[in-house]
Structure formats: structure tokens, C-alpha cells
Amino acid sequence: MTRRMPALALLRTFEVAARHLSFKQAAAELHVTPAAVSQQIRSLEAELGVELFERLTRAVRLSPRGESLLPKVRDGLALLAEAVDQACAPAATELLRVIAPPSWASHWLLPRLPDFYARHPEVEIRLASSSEAVDHAGASNVIAALARAPGDGRSELAVVFGSGRYAGWRVDPLLTPEYLPVCAPSLARAGAPLAVPADVVHHVLIHDDTLNHAGDESWGWHRWLQAAGVQRRAASGGRHFSNAVLAIEAALAGQGVALAARPIVAGHLACGALVAPFPLAIPSPYTYCLVGRRQAAERPAAAAFRQWLIEASRRET
């Protein structure tokens, strides 16, 4: 028949009293009176049916049974304390490093990251932006960088704006953006009229040079003006910027009309910081996609981010 375990409080009192070999000092540590310690020790001895301490005139010492019991009680209490600490400790954080184009990272991902953290507090995103993630040639340097990344247990993912064809990698298409003209409300009100598409030729055109895919300057403003039926030979004139972030900032500052991806400027359009004078939008021949090593993409943090990102992109679409 299994003996009923004594109350944990009694065993704790025994361990403290045995460590100090003093009921008075044990009482001070436990914040009770010496009489209470003495009573709890007597209760434990009565329950076990053995004497644990030898009472001397001015001191106590462990009996042989007490000396035998003490190491096991001490170890047991330590194991219980460790178990409680582990149970109460916050969940371990898993790092996830993500590389993305500057405009997508700053204007699309950052405003949505609080939603991801609310759903997955156990994941910490280490976000880096890089123009190398704009891959018009089909062989992004970011893909090569992922291939060289050391296997240190951290997941490595890249959001790439390109063809979406990367053999040997796990590729998840996210969204294919449409491009439309945008400008500051002040420019639309006070500048030359923007009533019909042909009016844009009377404004400074802001160029995001990353739209010239693989050096093809027939895209960007050239393509939009062609779709709008506007004849202009010098569509490359105006102000040129190396990436969409700078082009959008120039548009926000009222410096001209920019051709921007609708998902990237959706927040600015919604709050009125930018306006879209014409509904005509042209689809990009390239897409945003999530790229990663196949094994890394299945790790918990990467899998959680991948699922969340795909769902968020579908809502955007």
C-alpha cells in the first residue's frame, strides 16, 4: 500500500529547519514563529512515525532518519521549483529573418506586422530591406544570399519582386501589383488640371527606375501612357529615383505625379495623403513571391509567417 505523502508545507519546513539546524532561524526565513516551526516538525514526525530531530538543551540536530530524509527532500523541492519556473517562463522566441524590397517592406509589410505578432507572439521577425530583392533578371542576388546562409537553426525567407521562377526553392506567389498614377492632393487642386490622362504630360513625372525591368525603359510611364492612348515621346523625362520608396516620398511632397503599385500606396490613398486622378491601372509583368529553402520553410516560425503572409496577400487581392 502506498503511503500518503505529507503536506508539501511540512516538507518545506523540515528542509529549512534541517539546513539551519535551528527552529528560530527557520522561523525567520519562513516568516512564522519558532513555535509554529516546532509544531509543523512534530506534525511531520507524527505523520511519518519517526523522529527527525534530536532536541538538545539549546539546539537541535538531525536524527539518523532525518539525515537520510534530507537529501531526497532537498532534491525533490528543487525539482518542483524548476518545474514551476519552466511552466511559468515565457515561450521561447524563434527568430525569423526576412528580406524584402524596400517599398514592400516599409509601405506594405510594416503596417501589417502588428497583426502577425498578435497571432504569433512566439516569433520575432528580423526584417531587412534590399533593392536586390527586386529581381527582373530572374536570378536575384537575394536568392544567392539565401543559398549561402549558414544553417544556424534560423529560418531564412525572402520576398522577391520578379519572375517567380526559382528552380530548387519553395516559391509562394503573393500578389501581382497594378500600377496607377498618384500625386499629392495639393498638386491635383492647385497645379495644372488632371481631368483626363493626357493632362499628366503637363506635370513632372516621377520615375521609379526599378520599373525599367532589366533595363527595358519601355515599361513604367511609357507603358501607362500607351495604355491611356497618350502620345508622348519623352516619357523618360522628369525626376528619377532608384526605388519606389523615394518615388512615393517625392509624390507625397507634391513634386510630381508618380506611377506606383496600388498595394504599396493603398494606405496613403485611404487616408488621403495621395490621390489617384485616373482609374486606369496597368498590371506588372512581375509578381511578389515568398522564396525560401524548402526545409527552412517548414520550420514553425517560417510556416506561421508563410501562412499569414499568403492570407494577407489574398485579402489584398
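Keep in mind that what you see is a predicted model, and the values were worked out from it rather than measured.

The rules we used
- Residues numbered from 1 in each chain as written.
- Predicted model: local features only at pLDDT ≥ 70, side-chain atom pairs only at ≥ 80, totals over all residues.
- Heavy atoms only, no water.
- Core = buried A, V, L, I, M, F, W, Y, C linked by side-chain atoms within 4.5 Å.
- Buried < 20%, exposed > 50% of the residue type's maximum accessible area, 1.4 Å probe, protein only.
- Helix = DSSP H or I, 4+ residues; strand = E, 2+ residues; numbered from the N terminus.
- Polar contact = N/O pair within 3.5 Å; in protein donor to acceptor, adjacent residues only side chain to side chain.
- Arc of directions from axis to C-beta.
- Contact = heavy atoms within 4.5 Å.
- Pairing = 2+ DSSP bridges.
- Phe/Tyr/Trp six-rings, centres within 6.5 Å; stacked < 30°, edge-to-face > 60°.
- Lys NZ or Arg CZ within 6 Å of the ring centre and 35° of its normal.
- pLDDT = per-residue confidence, 0-100.

Our focus in this paragraph is the nonpolar core. As a rule of thumb, nonpolar side chains are buried together in soluble globular proteins. Among the nonpolar cores identified, the biggest contains 57 residues, and L96, W104, F305 and L309 are the most heavily contacted of them. Examining the composition of this core, we find that seven residues originate from one element, helix α11 (residues 300-316), more than from any other. Ranked by size, the runner-up nonpolar core spans 21 residues in total, among them F23, L44, L52 and F53.

What follows concerns the environment of W221. With respect to the helices and strands, W221 occurs in helix α8 (residues 221-227). Distance in space between the C-alpha atoms of W221 and I206 is 8.9 Å, their sequence separation being 15 residues. For W221, the side chain forms a polar contact with the main-chain oxygen of I206, separated by 3.0 Å.

The next thing to look at is helix α2 (residues 23-30). Taken as a whole, α2 has its buried residues at F23, A26 and A27. For α2, the angular spread of buried residues about the axis comes to 105 degrees, placing them on one side. Among the exposed residues of α2, those oriented more than 90 degrees off its buried face are K24 and A28. Those residues of α2 that are buried lie in contact with α1 (8-20), α3 (34-48), β1 (53-55) and β2 (60-62). Positive backbone phi, approximately 60 degrees, marks H31, located one or two places after α2.

Take the sheet that holds strand β12 (residues 282-283) next. Taking strand neighbours across the sheet as the criterion, the five strands line up as β10-β9-β11-β8-β12 in an open arrangement whose pairing is mixed. Of all strands in the sheet, those with a lone pairing partner are β10 (239-241) and β12, marking the two edges. Across two bridges, strand β9 (residues 205-208) lies against strand β11 (residues 257-261) in parallel orientation. If you follow I206 over to β11, its bridge partner there is A258.

Mapped onto the elements of the fold, S284 is located in the loop between β12 and β13 (287-292). Under the relative-accessibility criterion, S284 is labelled buried at 7%.

A word on unusual backbone geometry. Phi angles above zero are rare outside glycine, and L21 is one such case at about 50 degrees. Here L21 lies in the loop between α1 and α2. Despite not being glycine, H31 shows a phi value in the positive range, around 60 degrees. If you trace the backbone, H31 turns up in the loop between α2 and α3. Classification of H31 by relative accessible area gives exposed; the value is 72%.

One pass over the structure, following the stated rule, counts eleven aromatic pairs. Seen from their ring centres, F305 and W308 are 5.9 Å apart, and the 35 degrees between their planes marks the pair as tilted. Of the two residues, F305 and W308 are both situated in helix α11; the distance of three residues between them amounts to about one turn of the helix. Judged by relative accessible area, which is 4%, W308 ranks as buried. What links up through ring pairs into an aromatic cluster is the set W104, W108, F161 and Y288. Stacked on the ring of W108, the Lys or Arg R112 has its end atom at 4.2 Å from the ring centre.

Low-pLDDT stretches of the model should not have their predicted coordinates read in fine detail. Per-residue confidence for the chain gives a mean pLDDT of 84, with 87% of residues at or over 70. The least confident element of the chain, judged by mean pLDDT, is helix α6 (residues 141-148) at 60; the most confident is strand β8 (residues 178-182) at 94.

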